[in-house]
Amino acid sequence: RVLAPKRLRWKGWELKEIFKNLKIAGEISTWDGKLAAYVVRPEKMGTFDEIYERYCGETLPPMANPVQILTAHRDLERCLSPEVKTLNGEKVYEEFDLPLVSVIAKMELQGIRIDSSELGRQSTGLATDLKRLEKGIHESAGGSFNIASPKQLGEILFVKLKLPPAKKTKTGFSTDSDVLQGLQHPIAKLILEYRELSKLKSTYVDSLPSLMNSDTQRVHTQLNQTLTTTGRLSSSNPNLQNIPIRTDRGREVRKAFIADKGNVLISADYSQIELRVLAHMSGDDGM
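An account of the accompanying structure is given in this report. (Residues numbered from 1 in each chain as written. Predicted model: local features only at pLDDT ≥ 70, side-chain atom pairs only at ≥ 80, totals over all residues. Heavy atoms only, no water.)

## Some remarks on the packing of helix H2 (residues 33-40) against helix H4 (residues 66-86)
Part 1: Where H2 contacts H4, the two axes come as close as 9 Å, and the packing angle between them is 30°. Considering the angle they form, H2 stands roughly parallel to H4. For the crossing formed where H2 meets H4, the hand is left-handed. Of the residues in H4, those touching H2 at Gly33, Ala36, Ala37, Val39 and Val40 are Leu76, Leu80, Glu83 and Val84. (Axes fitted to C-alpha atoms, helices over the stretch in contact; angles between N-to-C directions. Helix = DSSP H or I, 4+ residues; strand = E, 2+ residues; numbered from the N terminus. Parallel < 35°, antiparallel > 145°, perpendicular 65-115°, else oblique. Left-handed = near helix turned anticlockwise from the far one by under 90°. Contact = heavy atoms within 4.5 Å.)

## Quick look at the packing of helix H6 (residues 116-141) against helix H9 (residues 186-205)
The packing of two helices is summarised by the inter-axis angle and the distance between the axes.
Part 1: Where H6 contacts H9, the two axes come as close as 9 Å, and the packing angle between them is 155°. As judged from the angle between their axes, H6 and H9 are roughly antiparallel. Handedness of the crossing formed by H6 with H9: left-handed.
Part 2: Counted by class, the contact of H6 with H9 contains 14 nonpolar, 5 polar and 5 charged residues. (Nonpolar A, V, L, I, M, F, W, Y, C, P; charged D, E, K, R; others polar.)

## Quick look at the sheet that holds strand E9 (residues 257-258)
Part 1: Sheet architecture is open: 3 strands sit in the order E6-E3-E9, paired in antiparallel fashion. Edge positions in the sheet fall to strand E6 (218-219) and E9, since each has one partner strand and no second.
Part 2: Bridge analysis of strand E3 (residues 112-114) against E9 gives 2 bridges, and the strand direction is antiparallel. The residue bridging Ile114 from the neighbouring strand is Phe257, located in E9. (Pairing = 2+ DSSP bridges.)

## Topic: unusual backbone geometry
Part 1: Of note, the bond from Asn237 into Pro238 is cis; its omega dihedral lies within 30 degrees of zero at 0°.
Part 2: Positionally, Pro238 belongs in the loop between strand E8 (234-236) and helix H10 (248-252).
Part 3: A positive phi angle, near 55°, is found at Glu14, a position not held by glycine.
Part 4: By secondary structure assignment, the location of Glu14 is in the loop between strand E1 (9-12) and helix H1 (15-22).
Part 5: You can call Glu14 partly exposed: its relative accessible area is 27%. (Buried < 20%, exposed > 50% of the residue type's maximum accessible area, 1.4 Å probe, protein only.)

Read these as spatial facts, not as claims about activity.
In C-alpha coordinates form, the structure reads like this:
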(Lines give C-alpha, C1' and ligand atoms only; values in the text may rest on other atoms or scores of the structure.)
Protein backbone atom coordinates (compact mmCIF):
# COMPACT_ATOMS: atom_id res chain seq x y z
CA ARG A 1 0.00 0.00 0.00
CA VAL A 2 2.90 2.33 0.65
CA LEU A 3 4.85 1.44 -2.49
CA ALA A 4 2.01 0.82 -4.97
CA PRO A 5 1.07 4.45 -5.71
CA LYS A 6 4.65 5.69 -5.92
CA ARG A 7 5.46 4.39 -9.42
CA LEU A 8 9.09 3.87 -8.49
CA ARG A 9 11.74 2.95 -11.03
CA TRP A 10 13.05 -0.42 -9.90
CA LYS A 11 16.41 -2.11 -10.24
CA GLY A 12 17.29 -5.54 -8.89
CA TRP A 13 17.37 -9.27 -9.47
CA GLU A 14 14.21 -11.14 -10.51
CA LEU A 15 11.97 -8.13 -9.97
CA LYS A 16 8.84 -10.09 -10.85
CA GLU A 17 9.12 -12.05 -7.60
CA ILE A 18 9.64 -8.83 -5.64
CA PHE A 19 6.53 -7.24 -7.19
CA LYS A 20 4.52 -10.39 -6.57
CA ASN A 21 5.62 -10.72 -2.93
CA LEU A 22 4.82 -7.06 -2.30
CA LYS A 23 1.52 -7.51 -4.19
CA ILE A 24 2.15 -4.50 -6.39
CA ALA A 25 1.75 -4.25 -10.17
CA GLY A 26 2.34 -1.72 -12.91
CA GLU A 27 5.81 -0.87 -11.64
CA ILE A 28 8.59 0.40 -13.92
CA SER A 29 11.60 -1.91 -14.28
CA THR A 30 14.80 -0.24 -15.42
CA TRP A 31 17.27 -3.03 -14.63
CA ASP A 32 16.87 -6.72 -13.85
CA GLY A 33 20.16 -8.59 -13.58
CA LYS A 34 18.57 -11.98 -14.16
CA LEU A 35 16.87 -10.80 -17.36
CA ALA A 36 20.10 -9.23 -18.60
CA ALA A 37 21.98 -12.48 -17.99
CA TYR A 38 19.21 -14.31 -19.85
CA VAL A 39 19.56 -12.05 -22.89
CA VAL A 40 23.32 -12.65 -22.94
CA ARG A 41 23.41 -16.40 -22.26
CA PRO A 42 19.90 -17.95 -22.07
CA GLU A 43 21.36 -21.45 -22.11
CA LYS A 44 23.59 -20.77 -19.11
CA MET A 45 21.62 -19.25 -16.28
CA GLY A 46 22.31 -19.52 -12.57
CA THR A 47 21.88 -17.92 -9.16
CA PHE A 48 22.81 -14.31 -8.49
CA ASP A 49 26.12 -15.42 -6.92
CA GLU A 50 26.98 -17.54 -9.98
CA ILE A 51 26.11 -14.78 -12.46
CA TYR A 52 27.96 -12.20 -10.36
CA GLU A 53 31.10 -14.33 -10.31
CA ARG A 54 30.83 -15.15 -14.03
CA TYR A 55 30.61 -11.55 -15.24
CA CYS A 56 32.32 -9.58 -12.47
CA GLY A 57 34.94 -12.14 -11.45
CA GLU A 58 34.13 -11.65 -7.77
CA THR A 59 32.22 -13.48 -5.05
CA LEU A 60 30.07 -12.27 -2.22
CA PRO A 61 31.15 -13.30 1.29
CA PRO A 62 28.90 -15.90 2.95
CA MET A 63 27.51 -13.36 5.41
CA ALA A 64 27.45 -10.31 3.14
CA ASN A 65 26.06 -7.13 4.68
CA PRO A 66 23.48 -4.89 2.93
CA VAL A 67 26.16 -2.52 1.62
CA GLN A 68 28.12 -5.38 0.04
CA ILE A 69 24.95 -6.81 -1.53
CA LEU A 70 23.91 -3.43 -2.93
CA THR A 71 27.42 -2.88 -4.30
CA ALA A 72 27.36 -6.33 -5.94
CA HIS A 73 24.06 -5.49 -7.69
CA ARG A 74 25.49 -2.20 -8.90
CA ASP A 75 28.67 -3.91 -10.14
CA LEU A 76 26.68 -6.60 -11.95
CA GLU A 77 24.82 -3.93 -13.88
CA ARG A 78 28.14 -2.29 -14.75
CA CYS A 79 29.60 -5.62 -15.96
CA LEU A 80 26.54 -7.00 -17.72
CA SER A 81 25.31 -3.91 -19.57
CA PRO A 82 28.24 -3.94 -22.06
CA GLU A 83 27.56 -7.66 -22.71
CA VAL A 84 23.96 -6.88 -23.66
CA LYS A 85 25.12 -4.09 -25.98
CA THR A 86 27.79 -6.27 -27.60
CA LEU A 87 25.08 -8.73 -28.63
CA ASN A 88 22.79 -5.90 -29.84
CA GLY A 89 20.34 -7.10 -27.23
CA GLU A 90 19.20 -3.71 -25.95
CA LYS A 91 15.98 -3.69 -28.01
CA VAL A 92 14.86 -7.11 -26.78
CA TYR A 93 15.93 -6.36 -23.22
CA GLU A 94 14.57 -2.83 -22.89
CA GLU A 95 11.47 -2.95 -25.13
CA PHE A 96 10.27 -6.52 -24.57
CA ASP A 97 11.70 -8.20 -21.48
CA LEU A 98 11.73 -5.35 -18.94
CA PRO A 99 8.19 -4.04 -19.66
CA LEU A 100 6.88 -7.60 -19.37
CA VAL A 101 8.07 -8.00 -15.78
CA SER A 102 5.19 -6.07 -14.21
CA VAL A 103 2.70 -7.59 -16.67
CA ILE A 104 3.68 -11.14 -15.73
CA ALA A 105 3.67 -10.27 -12.02
CA LYS A 106 0.11 -9.00 -12.42
CA MET A 107 -0.91 -12.16 -14.30
CA GLU A 108 0.47 -14.36 -11.53
CA LEU A 109 -1.27 -12.32 -8.84
CA GLN A 110 -4.53 -12.42 -10.78
CA GLY A 111 -4.45 -16.18 -11.40
CA ILE A 112 -7.10 -18.09 -13.31
CA ARG A 113 -10.48 -19.17 -11.97
CA ILE A 114 -11.21 -22.89 -11.73
CA ASP A 115 -14.65 -24.53 -11.77
CA SER A 116 -14.09 -27.20 -9.12
CA SER A 117 -17.59 -28.65 -9.57
CA GLU A 118 -16.84 -29.29 -13.25
CA LEU A 119 -13.64 -31.08 -12.29
CA GLY A 120 -15.55 -33.11 -9.71
CA ARG A 121 -18.02 -34.21 -12.38
CA GLN A 122 -15.17 -35.19 -14.69
CA SER A 123 -13.40 -37.08 -11.90
CA THR A 124 -16.50 -39.19 -11.25
CA GLY A 125 -16.88 -39.95 -14.95
CA LEU A 126 -13.21 -40.88 -15.33
CA ALA A 127 -13.36 -43.16 -12.30
CA THR A 128 -16.29 -45.03 -13.85
CA ASP A 129 -14.51 -45.38 -17.18
CA LEU A 130 -11.31 -46.56 -15.52
CA LYS A 131 -13.17 -49.31 -13.70
CA ARG A 132 -14.74 -50.41 -16.99
CA LEU A 133 -11.37 -50.46 -18.72
CA GLU A 134 -9.72 -52.28 -15.81
CA LYS A 135 -12.38 -55.00 -16.02
CA GLY A 136 -11.88 -55.33 -19.79
CA ILE A 137 -8.09 -55.52 -19.44
CA HIS A 138 -8.28 -58.21 -16.75
CA GLU A 139 -10.75 -60.22 -18.85
CA SER A 140 -8.44 -60.00 -21.89
CA ALA A 141 -5.47 -61.03 -19.72
CA GLY A 142 -7.35 -63.94 -18.14
CA GLY A 143 -6.76 -62.71 -14.61
CA SER A 144 -6.17 -59.72 -12.33
CA PHE A 145 -2.86 -57.85 -12.14
CA ASN A 146 -1.52 -54.36 -11.42
CA ILE A 147 -1.97 -52.47 -14.70
CA ALA A 148 0.31 -49.67 -13.45
CA SER A 149 3.22 -52.13 -12.95
CA PRO A 150 5.40 -52.37 -16.10
CA LYS A 151 6.90 -55.62 -14.78
CA GLN A 152 3.53 -57.31 -14.26
CA LEU A 153 2.18 -55.92 -17.51
CA GLY A 154 5.22 -57.20 -19.41
CA GLU A 155 4.72 -60.67 -17.95
CA ILE A 156 1.08 -60.68 -19.05
CA LEU A 157 1.73 -59.41 -22.57
CA PHE A 158 4.90 -61.21 -23.53
CA VAL A 159 4.90 -64.37 -21.38
CA LYS A 160 1.28 -65.27 -20.71
CA LEU A 161 -0.24 -63.96 -23.97
CA LYS A 162 2.97 -64.67 -25.93
CA LEU A 163 2.86 -61.38 -27.89
CA PRO A 164 6.07 -60.47 -29.72
CA PRO A 165 8.22 -58.13 -27.55
CA ALA A 166 9.51 -55.10 -29.46
CA LYS A 167 12.27 -54.13 -27.04
CA LYS A 168 13.60 -54.78 -23.57
CA THR A 169 14.83 -52.57 -20.77
CA LYS A 170 17.28 -53.27 -17.95
CA THR A 171 14.42 -54.44 -15.77
CA GLY A 172 12.47 -56.47 -18.32
CA PHE A 173 10.10 -55.97 -21.25
CA SER A 174 9.34 -52.46 -22.47
CA THR A 175 5.65 -51.55 -22.28
CA ASP A 176 5.84 -47.94 -23.48
CA SER A 177 3.21 -46.46 -25.79
CA ASP A 178 5.20 -47.16 -28.96
CA VAL A 179 5.39 -50.85 -28.05
CA LEU A 180 1.69 -51.05 -27.18
CA GLN A 181 0.65 -49.31 -30.40
CA GLY A 182 2.52 -51.95 -32.37
CA LEU A 183 0.78 -54.92 -30.71
CA GLN A 184 -2.01 -56.61 -32.62
CA HIS A 185 -4.19 -57.50 -29.65
CA PRO A 186 -7.33 -55.87 -28.17
CA ILE A 187 -5.69 -55.58 -24.74
CA ALA A 188 -3.12 -53.08 -26.06
CA LYS A 189 -5.78 -50.54 -27.07
CA LEU A 190 -7.50 -50.91 -23.69
CA ILE A 191 -4.24 -50.31 -21.82
CA LEU A 192 -3.43 -47.21 -23.87
CA GLU A 193 -6.87 -45.76 -23.13
CA TYR A 194 -6.53 -46.70 -19.46
CA ARG A 195 -3.20 -44.88 -19.22
CA GLU A 196 -4.58 -41.77 -20.92
CA LEU A 197 -7.60 -41.51 -18.62
CA SER A 198 -5.56 -42.38 -15.53
CA LYS A 199 -3.09 -39.58 -16.27
CA LEU A 200 -5.91 -37.11 -16.95
CA LYS A 201 -7.54 -37.95 -13.64
CA SER A 202 -4.44 -37.89 -11.44
CA THR A 203 -2.41 -35.12 -13.09
CA TYR A 204 -5.15 -32.62 -13.93
CA VAL A 205 -8.70 -33.38 -12.84
CA ASP A 206 -7.92 -34.44 -9.26
CA SER A 207 -4.85 -32.27 -8.65
CA LEU A 208 -6.01 -28.86 -9.93
CA PRO A 209 -8.56 -28.30 -7.13
CA SER A 210 -5.89 -29.03 -4.53
CA LEU A 211 -3.65 -26.36 -6.12
CA MET A 212 -6.37 -23.73 -5.98
CA ASN A 213 -5.87 -20.85 -3.55
CA SER A 214 -8.67 -21.07 -0.98
CA ASP A 215 -8.91 -17.28 -0.64
CA THR A 216 -9.04 -16.40 -4.33
CA GLN A 217 -10.56 -19.64 -5.67
CA ARG A 218 -7.96 -19.43 -8.41
CA VAL A 219 -4.87 -21.26 -9.53
CA HIS A 220 -1.79 -19.01 -9.46
CA THR A 221 0.73 -20.58 -11.81
CA GLN A 222 4.32 -19.32 -11.97
CA LEU A 223 5.23 -17.84 -15.35
CA ASN A 224 8.94 -18.22 -15.99
CA GLN A 225 10.55 -15.54 -18.13
CA THR A 226 14.13 -16.85 -17.99
CA LEU A 227 13.78 -20.63 -18.19
CA THR A 228 13.54 -21.63 -21.86
CA THR A 229 16.42 -21.11 -24.28
CA THR A 230 14.01 -20.01 -27.03
CA GLY A 231 12.65 -16.96 -25.22
CA ARG A 232 9.10 -18.19 -24.71
CA LEU A 233 7.37 -18.17 -21.34
CA SER A 234 6.97 -21.41 -19.44
CA SER A 235 4.49 -22.30 -16.72
CA SER A 236 5.07 -24.23 -13.51
CA ASN A 237 3.48 -24.99 -10.13
CA PRO A 238 1.24 -26.03 -11.82
CA ASN A 239 2.13 -26.20 -15.50
CA LEU A 240 -0.91 -24.77 -17.29
CA GLN A 241 0.71 -24.97 -20.72
CA ASN A 242 0.41 -28.74 -21.02
CA ILE A 243 -3.33 -29.16 -20.48
CA PRO A 244 -4.20 -31.90 -23.02
CA ILE A 245 -5.87 -30.95 -26.29
CA ARG A 246 -5.26 -33.85 -28.69
CA THR A 247 -8.10 -36.06 -27.45
CA ASP A 248 -11.76 -35.36 -26.71
CA ARG A 249 -11.40 -36.29 -23.05
CA GLY A 250 -8.29 -34.14 -22.75
CA ARG A 251 -10.09 -31.13 -24.20
CA GLU A 252 -12.84 -31.59 -21.61
CA VAL A 253 -10.38 -30.52 -18.89
CA ARG A 254 -10.21 -27.03 -20.40
CA LYS A 255 -13.89 -26.50 -19.58
CA ALA A 256 -12.84 -26.12 -15.95
CA PHE A 257 -10.98 -22.87 -16.70
CA ILE A 258 -13.58 -20.11 -16.53
CA ALA A 259 -13.72 -16.34 -16.79
CA ASP A 260 -15.21 -13.93 -14.28
CA LYS A 261 -18.76 -12.76 -14.88
CA GLY A 262 -18.90 -10.35 -17.81
CA ASN A 263 -15.61 -11.61 -19.26
CA VAL A 264 -14.57 -14.31 -21.73
CA LEU A 265 -11.45 -16.39 -22.28
CA ILE A 266 -9.90 -16.19 -25.74
CA SER A 267 -7.58 -18.84 -27.18
CA ALA A 268 -5.19 -17.76 -29.94
CA ASP A 269 -2.08 -19.22 -31.48
CA TYR A 270 0.36 -18.47 -34.26
CA SER A 271 0.44 -20.83 -37.22
CA GLN A 272 3.97 -22.04 -38.04
CA ILE A 273 5.39 -18.80 -36.65
CA GLU A 274 9.02 -20.02 -36.54
CA LEU A 275 8.96 -20.98 -40.22
CA ARG A 276 7.29 -17.70 -41.14
CA VAL A 277 9.99 -15.74 -39.31
CA LEU A 278 12.68 -17.86 -40.99
CA ALA A 279 11.14 -17.24 -44.41
CA HIS A 280 11.00 -13.49 -43.75
CA MET A 281 14.55 -13.26 -42.39
CA SER A 282 16.08 -15.44 -45.12
CA GLY A 283 14.14 -13.96 -48.00
CA ASP A 284 13.98 -17.42 -49.56
CA ASP A 285 11.39 -17.43 -52.39
CA GLY A 286 10.62 -21.12 -51.94
CA MET A 287 9.75 -20.66 -48.31
